[in-house]
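# Structure at a glance
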Amino acid sequence: MKNAQARTTYLKDYQPPAFTIESTDLNFDLFEDHARVVAKLSFKRNSQVDSPASDTLVLHGSHLVLEELLLEGNALTPQNYLLDDETLSLPALSELLGKPADQFELTCVTRIEPQNNTALEGLYKSKKMFCTQCEAEGFRRITYYLDRPDVMSKFTTTIIADKQKYPVLLSNGNPIASGTVENDDARHWVTWEDPFKKPSYLFALVAGDLVSMDDSFTTSSGRDIKLQIFVEAKDLDKIDHAMTSLKNAMRWDEEVYGREYDLDIFMIVAVDDFNMGAMENKGLNIFNTSCVLANPMTTTDAAFQRVEAVVAHEYFHNWSGNRVTCRDWFQLSLKEGFTVFRDSEFSADMGSRTVKRVEDVAFLKTVQFAEDAGPMAHSVRPDSYMEISNFYTVTIYEKGAEVVRMISLLLGEELFRQGTDLYFERHDGQAVTTEDFVIAMEDASGIDLGQFRRWYTQAGTPVLDIAGNYDQEQQQFRLRVKQHCPATPGQTSKQAFHIPLRLGLLGEDGQELNLQLQGEAASTQTDRVIAVTQDEEEFVFVGVSAKPVPSLLRSFSAPVRLNYEYSKEELVFLMVNDSDGFNRWNASQQLAIKVLNALLENRQAGRSFEQDPLLLSAFEGVLDAALNDASLDKAMLAHLLSLPTESFLIEQSAEADVEGIHEVREFVANSLANALEEKFSQLYTSNQSDGEFSVSAEHIARRSLKNSALSYLMRTGKEQWLQACVDQYQAASNMTDQFSALRCVAHSATAAGKRAGNEALALFYEQWQHEALVVDQWFSTQAANPNPDTLEQVKSLMEHEAFSLKNPNKVRSLIGVFCGQNHINFHRLDGSGYEFLADQVIALDKLNPQIAARLITPLTRWKKYDSRRQALMQAQLQRIKSTPDLSKDSFEVVEKSTVQLPG
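This section reports on the structure supplied with the text. What you see is a predicted model; the values in this text were computed from it and never measured.

### Focus: the overall build of the chain
On a plain count of helices and strands, the chain comes out with 29 helices and 31 strands. Considered along the principal axes of its C-alpha atoms, the chain spans approximately 90 × 70 × 70 Å. Looking at the 903 residues of the chain, the share that counts as buried comes to 59%. Summed over its atoms, the accessible surface of the chain is roughly 35000 Å², and 47% of this surface lies on carbon and sulfur atoms. In the chain, the 86 positive side-chain charges and the 128 negative ones have mean positions that sit 2 Å from each other.

Listed below in structure tokens is the structure:
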């Protein structure tokens with residue numbers, strides 16, 4: 001176990017670099033069995049450092065063979081420097097230079113083996129293509145360097161490779177020269193120059209046999225930008241949507257944020273083997289194929305929407321991440337939280353704002369709230385880490401975006417825009433902190449965000465306990481609000497947060513009431529934000545003529561857990577009358593949760609199950625609206641017809657009853673399907689479409705509603721719906737319909753359904769075996785199957801010709817889906833699911849530590865389960881922890897997750 005390497009880095013220990021790198025000149029000579037990298041680095045003493053001048057230069061480096069080292073053109077011997085597995089140190093620089101070490105050039109010649117780099121960090125090969133991934137600390141696997149985000153340098157890059165195998169050679173910036181290698185006509189070279197300073201994590205290189213779709217975009221100032229998306233030739237028909245999304249994002253960023261693109265060319269490259277979704281390297285974005293390729297025949301609607309969002313996200317990073325970057329990795333949410341907020345707003349503008357908010361919050365409450373409640377809980381700006389790759393988390397990204405959203409809510413649209421303008425103007429070309437971002441918001445708006453800063457420093461999910469009391473005589477409605485935040489690792493007590501609570505009050509007739517707080521002048525506001533800043537406080541609304549129903553936390557105005565004792569009748573009332581679309585959906589979810597929890601109590605008491613008439617009536621009302629009012633948002637209706645997922649129900653449980661949650665949710669879904677079969681049938685029929693395929697919001701919504709109806713109809717177990725499902729599968733003209741039908745039939749519990757499912761799965765693979773991303777869906781469908789033999793099936797699929805433990809997409813689609821989403825099978829009482837996951841983590845850790853560490857997450861949630869399961873999960877965490885030579889990525893996760901259980 002690499003305990004010695006698993007040391008902790010602390011924010012409090014941050015020191016600016018003693019030296020900066022003014023220019024970086026890189027030369028890559030690429031071969032099949034190695035690459036030779038020559039890095040000429042121009043160093044300058046950092047004038048911003050007040051401490052005594054350092055005479056030692058320490059560079060980061062890992063998995064490198066140092067062939068030559070030259071200082072000011074003079075070769076150094078091993079006696080002149082110190083070399084270990086992680087650093088290259090040059091002590092006594094002034095003595096080596098014969099002058100003060102204020103400015104000097106160092107040349108490093110390194111040899112690396114990209115073809116053997118299964119960690120997919122630094123320079124590696126994906127199939128037959130060379131590519132890079134340098135965030136967060138991958139550049140040190142290319143050459144020795146000050147591999148930290150606050151060292152920004154101008155890069156010039158020359159790439160040399162075989163002309164036939166690698167006709168396309170790409171790097172950051174603009175191409176300035178190219179040619180054939182002298183005395184070797186089989187090899188060619190291209191030189192790229194990036195005029196903007198950037199940290200090493202934004203460096204990118206691609207060499208491969210690729211084709212491109214070319215387009216252009218004219219900026220608001222009249223500049224023509226060349227746009228190129230590079231793919232393998234077989235995928236050229238799958239990038240129209242990405243190109244359209246890119247141009248939409250460029251226009252949106254100009255209109256909403258005033259941000260114009262700065263280089264002459266913007267490029268995207270699609271890569272099969274990639275640890276993340278995509279990477280915003282300056283001018284040369286590298287994308288996981290799953291986030292850029294989209295074609296109606298091979299891509300679901302959800303994947304189309306993901307492509308749009310990720311393309312926008314990476315493009316938006318050009319300003320919120322590249323032009324203004326992070327001082328250190330503790331500030332990661334400075335770029336990621338802000339940019340997730342930006343891409344979320346973009347997606348909301350491109351489609352349905354309410355539906356986008358519903359989807360974002362459902363993910364946040366299921367995944368991020370679980371992270372906040374676990375051993376890996378950390379603040380949006382963490383205080384420490386062992387391995388920075390472990391902090392590319394939903395807390396940094398999604399919760400970080402919620403923090404920015406709250407700032408925009410507190411400031412309002414106009415002042416928030418002034419704040420972002422000031423932030424970009426003040427810090428362009430700099431590496432800064434979250435504090436710098438908040439200060440810009442304060443300076444632009446005049447609003448004090450002092451207490452609000454606790455969102456950046458305190459971990460955990462705050463809890464709002466709210467009680468309402470109506471006084472008929474005084475015509476007052478009182479809201480008593482209490483806030484607290486549970487203890488998290490390293491933070492046992494929390495100070496009160498500044499929580500923006502957006503709300504409304506609904507009268508008996510469903511109309512919104514005017515909101516006048518005691519002591520205020522009369523107001524016609526029916527929707528407002530109140531600031532919750534104390535542990536306990538009271539808000540008194542006056543002029544309320546009848547007992548209202550409060551609509552609380554509208555649009556999910558803060559990432560908190562809300563407790564308010566709504567009756568089931570009040571929740572139905574909000575579903576029907578609330579003007580806030582998000583809260584209508586949330587009311588439907590809370591109603592379902594009340595029903596499901598009551599059934600869980602019946603199960604534990606040995607009582608029989610009965611369908612709840614209010615829930616049935618609410619669903620029937622949604623179906624009637626969907627069938628009779630064409631003006632309603634069909635995507636929203638599909639969400640209203642969706643029960644809370646098992647993942648969410650487990651997350652909100654104090655102690656999750658895995659079998660009980662699965663059983664009662666199945667009972668409710670099946671009961672709804674049988675009771676409302678005729679209406680679901682009408683909904684399925686009325687949303688059929690023979691028209692041309694479109695990814696417009698309207699068409700996506702129609703397919704969503706249709707396939708939601710089909711999934712319920714399949715629950716009846718009737719032959720006619722099984723046949724309808726098979727018919728849809730066979731006749732489908734797009735992947736959304738085909739995959740929805742496949743999933744329904746493959747997960748059928750009837751004997752006939754299982755036979756049809758096996759046949760469909762075999763046909764699906766035969767049809768799509770040459771489309772890697774479609775095969776990923778084939779794997780995930782089988783991994784998510786609730787039938788009891790799924791673990792054995794997953795183990796069998798790991799031996800399938802299409803599966804590779806070296807490909808992150810395959811790992812996520814099979815192992816990740818089974819362990820993270822198939823709760824009834826992963827949490828089997830014999831512990832076999834836990835043992836299976838530990839086996840895969842241990843095997844994968846030797847290949848790709850970053851992906852291995854992320855796979856451990858389901859085991860880190862051990863506190864949610866009964867004592868028997870806790871012991872079984874802890875045993876596997878301990879087993880992983882005791883593995884020899886465990887990476888620091890995995891070690892950090894298991895170290896923070898393992899405890900000694902009593903008994």
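### Points about the pairing of strand β14 (residues 174-180)
Looking at chain direction, β14 and strand β15 (residues 187-193) are connected through 6 bridges and run antiparallel. Within β15, the residue paired with serine 178 across the bridge is valine 190. Turn length for the β14-β15 hairpin, with the two strands adjacent in sequence and antiparallel, is 6 residues, and the turn residue asparagine 183 shows positive phi of about 70°.

### So, helix α5 (residues 353-372)
Its 20 residues give α5 an end-to-end C-alpha distance of 26 Å, which sits within 8% of 28 Å, the value for a rise of 1.5 Å per residue. Where α5 bends most, the angle comes to about 35°, and this point is lysine 365.

### As for the sheet that holds strand β12 (residues 154-162)
Strand order in the open sheet formed by 8 strands is β6-β5-β9-β3-β2-β12-β15-β14, and the pairing between neighbours is mixed. The strands lining the two open edges of the sheet, one partner per strand, are β6 (74-75) and β14. Note that strand β2 (residues 19-30) and β12 share 7 bridges and pair parallel. Across the sheet, aspartate 25 pairs through a bridge with threonine 156, a residue of β12.

### Some details on helix α23 (residues 808-821)
The end-to-end C-alpha separation of α23 is 17 Å, well short of the 20 Å expected for 14 residues at 1.5 Å each. Most pronounced at isoleucine 815, the bend in α23 amounts to some 35°. Along α23, 10 of the 14 residues are buried, which leaves the element largely enclosed by surrounding structure. All of the buried residues in α23 are Pro808, Asn809, Lys810, Val811, Ser813, Leu814, Ile815, Val817, Phe818 and Cys819.

### Let's talk about the side chain of serine 813
On the secondary structure map, serine 813 appears in helix α23. Beyond its immediate sequence surroundings of up to four residues, serine 813 is in contact with Asp776, Phe779, Ser780 and Ala783.

### Remarks on the sheet that holds strand β13 (residues 168-171)
Taking strand neighbours across the sheet as the criterion, the 4 strands line up as β10-β11-β16-β13 in an open arrangement whose pairing is antiparallel. Of all strands in the sheet, those with a lone pairing partner are β10 (122-126) and β13, marking the two edges. Looking at each pair of strands side by side, their axes are set apart by 20° on average, direction ignored. In this sheet, strand β11 (residues 129-133) lies alongside β10 in antiparallel orientation, the contact comprising 5 bridges. The partner of glycine 122 across the bridge, within β11, is glutamine 133.

### Overview of the pattern of salt bridges
Counted according to the given criterion, the structure contains 68 salt bridges. Between aspartate 13 and lysine 12 there is a salt bridge, with its nearest N and O atoms 3.4 Å apart. As a salt-bridge pair, glutamate 345 and arginine 353 come within 3.1 Å of each other at their nearest N and O atoms. Among the residues examined, arginine 353 registers a relative accessible area of 41% and is labelled partly exposed. Among the charged side chains, a network of salt bridges with common partners joins Glu345, Asp349, Arg353, Arg357, Glu402 and Arg405.

### Let's talk about the packing of helix α6 (residues 394-411) against helix α7 (residues 413-427)
Running from amino to carboxyl end, α6 crosses α7 at an angle of 125°, the nearest separation of the two axes being 6 Å. Compared by their axis directions, α6 and α7 come out oblique. The chirality of how α6 crosses α7 is right-handed. Contact residues: Val404, Ile407, Ser408 and Leu411 in α6; Glu413, Leu415 and Phe416 in α7. Of the residues that constitute the contact of α6 with α7, the class distribution is 5 nonpolar, 1 polar and 1 charged.

### Here we look at the packing of aromatic side chains
Summed over the entire model, instances satisfying the criterion amount to 45 aromatic pairs. Here the aromatic rings of phenylalanine 316 and phenylalanine 346 are separated by 5.7 Å at their centres, their planes lie at 80°, and the arrangement is edge-to-face. Note that phenylalanine 316 is positioned in helix α3 (residues 301-316) and phenylalanine 346 in helix α4 (residues 332-350), a separation of 30 residues in sequence. You'll find phenylalanine 316 and phenylalanine 346 in the same group, each marked buried. Measuring from ring centre to ring centre gives 6.0 Å for phenylalanine 556 and phenylalanine 582, while their planes differ by 55°; the resulting arrangement is tilted. Taken together, the residues phenylalanine 556 in the loop between β30 (549-552) and β31 (561-563) and phenylalanine 582 in helix α11 (residues 581-605) connect sequence positions 26 residues apart.

### A word on the environment of glutamate 646
Looking at the secondary structure, you find glutamate 646 in helix α14 (residues 646-651). In this structure the C-alpha to C-alpha distance between glutamate 646 and isoleucine 661, which are 15 residues apart in sequence, comes to 6.7 Å. In contact with glutamate 646, not counting residues within four places along its chain, are Ile661, His662, Arg665 and His823. In this structure the side chain of glutamate 646 is engaged in a polar contact, spanning 2.6 Å, whose partner is the side chain of histidine 662.

### Focus on unusual backbone geometry
With an omega of 5°, the peptide bond running from glutamate 135 to alanine 136 counts as cis. Inspection of the secondary structure puts alanine 136 in the loop between β11 and β12. The phi dihedral of glutamine 475 is positive, around 55°, even though this residue is not glycine. Looking at the secondary structure, you find glutamine 475 in the loop between β25 (463-471) and β26 (476-484). Look at aspartate 885: it is not a glycine, yet its phi comes out positive at around 60°. Within the element layout of this structure, aspartate 885 appears in the loop between α28 (867-881) and α29 (888-897).

### Quick word on the pairing of β25
In terms of strand pairing, β25 meets β26 through 9 bridges, oriented antiparallel. Counterpart to glycine 468 in the pairing with β26 is leucine 479. In textbook terms, the turn of a hairpin is the stretch between consecutive antiparallel strands, and for β25 and β26 this stretch comprises 4 residues, one of which, glutamine 475, has a positive phi near 55°. Where β25 and β31 come together, 3 bridges link them in parallel fashion. The residue bridging leucine 464 from the neighbouring strand is leucine 562, located in β31.

### Re the nonpolar core
The biggest cluster of nonpolar side chains holds 284 residues, and the ones touching the most others in it are Leu30, Phe43 and Ile815. At 10 residues, α11 tops the list of elements feeding residues into this core. Not counting chain neighbours up to four residues away, the residues in contact with isoleucine 815 comprise Met798, Phe803, Leu805, Lys810, Phe836, Leu837, Gln840 and Leu855.

### Quick look at the side chain of aspartate 273
Mapping aspartate 273 onto the fold places it in the loop between β19 (265-271) and β20 (278-279). One buried charged residue, aspartate 273, forms no salt bridge at all, with the nearest opposite charge on lysine 127 at 7.1 Å. Looking at aspartate 273, its side chain comes within polar contact range of the side chain of serine 126, at 2.8 Å. Excluding residues within four positions of it along the chain, aspartate 273 makes contact with Leu120, Tyr124, Ser126, Lys127, Lys806, Asn807 and Pro808.

### Thoughts on the environment of aspartate 657
As for its position among the elements, aspartate 657 is in the loop between α14 and α15 (658-675). By relative accessible area, which is 18% here, aspartate 657 ends up buried. Each C-alpha atom of the pair aspartate 657 and aspartate 866 lies 7.8 Å from the other, and the pair is 209 residues apart in sequence. Among residues more than four places away in sequence, those in contact with aspartate 657 are Leu600, Arg603 and Gln604. Among the polar contacts listed, one links the side chain of aspartate 657 to the side chain of arginine 603, at a separation of 3.3 Å.

### What to know about the environment of glutamate 22
With respect to the element layout, glutamate 22 can be found in strand β2. A relative accessible area of 30% places glutamate 22 in the partly exposed class. Once residues lying within four places of it in the same chain are set aside, the contact partners of glutamate 22 are Ser42, Lys44, Ser153, Lys154 and Lys197.

About the thresholds
- Residues numbered from 1 in each chain as written.
- Predicted model: local features only at pLDDT ≥ 70, side-chain atom pairs only at ≥ 80, totals over all residues.
- Heavy atoms only, no water.
- Helix = DSSP H or I, 4+ residues; strand = E, 2+ residues; numbered from the N terminus.
- Buried < 20%, exposed > 50% of the residue type's maximum accessible area, 1.4 Å probe, protein only.
- Areas by Shrake-Rupley, 256 points an atom, 1.4 Å probe, with all protein chains shown as cover.
- Lys, Arg positive; Asp, Glu negative; His and termini not counted.
- Charge placed at Lys NZ, Arg CZ, Asp CG, Glu CD.
- Pairing = 2+ DSSP bridges.
- Expected span 1.5 Å × (residues − 1).
- Bend = angle between axes of the 7 residues up to and from the residue.
- Contact = heavy atoms within 4.5 Å.
- Axes fitted to C-alpha atoms, helices over the stretch in contact; angles between N-to-C directions.
- Salt bridge = Lys/Arg side-chain N within 4 Å of Asp/Glu carboxyl O.
- Parallel < 35°, antiparallel > 145°, perpendicular 65-115°, else oblique.
- Left-handed = near helix turned anticlockwise from the far one by under 90°.
- Nonpolar A, V, L, I, M, F, W, Y, C, P; charged D, E, K, R; others polar.
- Phe/Tyr/Trp six-rings, centres within 6.5 Å; stacked < 30°, edge-to-face > 60°.
- Polar contact = N/O pair within 3.5 Å; in protein donor to acceptor, adjacent residues only side chain to side chain.
- Core = buried A, V, L, I, M, F, W, Y, C linked by side-chain atoms within 4.5 Å.

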